[in-house]
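As a plain string of letters, each chain reads:
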Amino acid sequence: MQDNAEFEDTSAGLSDTLRKLIGRIDGGTVTLRQLMDGVGEQGLLLICAVTSLPFLLPVSIPGVSTVFGAAIIMISIAVVLNRMPWLPRAILDRELDSAKLVPTLEKGVKIVSRLDKYLKHRMAGITTGPIANRVNGLAITFAGVLLMFPLGLIPLSNTLPGIAILLLSTGMVQRDGLVVLGGYFFNLATIVYFGALAYGAFAAGQGLASLAG
């Protein structure tokens, strides 16, 4: 582990940060290391927000699920521990296709810009202090685990936890407790949805077994 991390709020909007980040991407490929360098002072939580964006859209970019999903989990664990994250080179330096990623991030800007205008400092107890940081960081980690479930072909299986990660991380950065609570809601919605899928699969299996019998 490295030196302690600082998780401070910022007055800059996430959509503005994302636009600047897109503007710095050039060449045929981009790595997570380059994206993290591009975010700079905005910090680890905004990396979680940015890397959640491809999961909000019905696109398929080879390598993104593994790289971004693992990064979200490891960075959020660092938030819980209040430490700078360690990420393996295989994750940091995996090359992603810029031609596919950039349009996805640009679409993400449109989604986030709608959220920006509702963000404000409120319900500070949910976003301030080491205990709140750790609990909210665990919620992001949990959403990251849900995101990594091998259900990519099932509608909403990536979208719901992706929204949870975006709301939790953005709400923490902007000290907006209501938005953080929205992230918890989408974590719960993901659990309910996955439970319904599991029940449906079990019921279908029972039905097939009865027919076979």
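Quick caveat, the model's predicted, so the values are computed rather than measured.

### Here we look at the packing of aromatic side chains
For step 1, the next point in the chain: Under the defined criterion, the tally for this structure stands at three aromatic pairs.
For step 2, the next point in the chain: Their ring planes at 20° and their centres at 5.5 Å tell us that F149 and F194 sit as a pair that is stacked. Here F194 lies in helix α9 (residues 177-212) and F149 lies in the loop between α7 (130-147) and α8 (159-173), a separation of 45 residues in the sequence.
For step 3, the next point in the chain: For F149, a relative accessible area of 37% corresponds to the partly exposed category.
For step 4, the next point in the chain: Residue F194 is classed as buried on the basis of its relative accessible area of 11%.
For step 5, the next point in the chain: Ring geometry for Y193 and F194: centres 6.4 Å apart, planes at 40°, overall tilted.
For step 6, the next point in the chain: Exposure remark for Y193: the relative accessible area of 22% places this residue in the partly exposed category.
For step 7, the next point in the chain: An aromatic cluster is present here, built from F149, Y193 and F194 joined pairwise through their rings.

### Let's talk about the nonpolar core
Grouped burial of nonpolar side chains is what soluble globular proteins tend to show.
For step 1, the next point in the chain: Core analysis: the biggest nonpolar cluster contains 49 residues, and L18, L32, F68, L105 and I140 have the highest contact counts within it.
For step 2, the next point in the chain: Among the elements that take part in this core, helix α4 (residues 64-81) stands out by supplying eight residues, more than any other.
For step 3, the next point in the chain: In this structure, L32 is in contact with T51, V67, F68, A71, L87, I91, L92 and R94, ignoring residues within four places of it in sequence.

Quick notes on the rules
- Residues numbered from 1 in each chain as written.
- Predicted model: local features only at pLDDT ≥ 70, side-chain atom pairs only at ≥ 80, totals over all residues.
- Heavy atoms only, no water.
- Phe/Tyr/Trp six-rings, centres within 6.5 Å; stacked < 30°, edge-to-face > 60°.
- Helix = DSSP H or I, 4+ residues; strand = E, 2+ residues; numbered from the N terminus.
- Buried < 20%, exposed > 50% of the residue type's maximum accessible area, 1.4 Å probe, protein only.
- Core = buried A, V, L, I, M, F, W, Y, C linked by side-chain atoms within 4.5 Å.
- Contact = heavy atoms within 4.5 Å.

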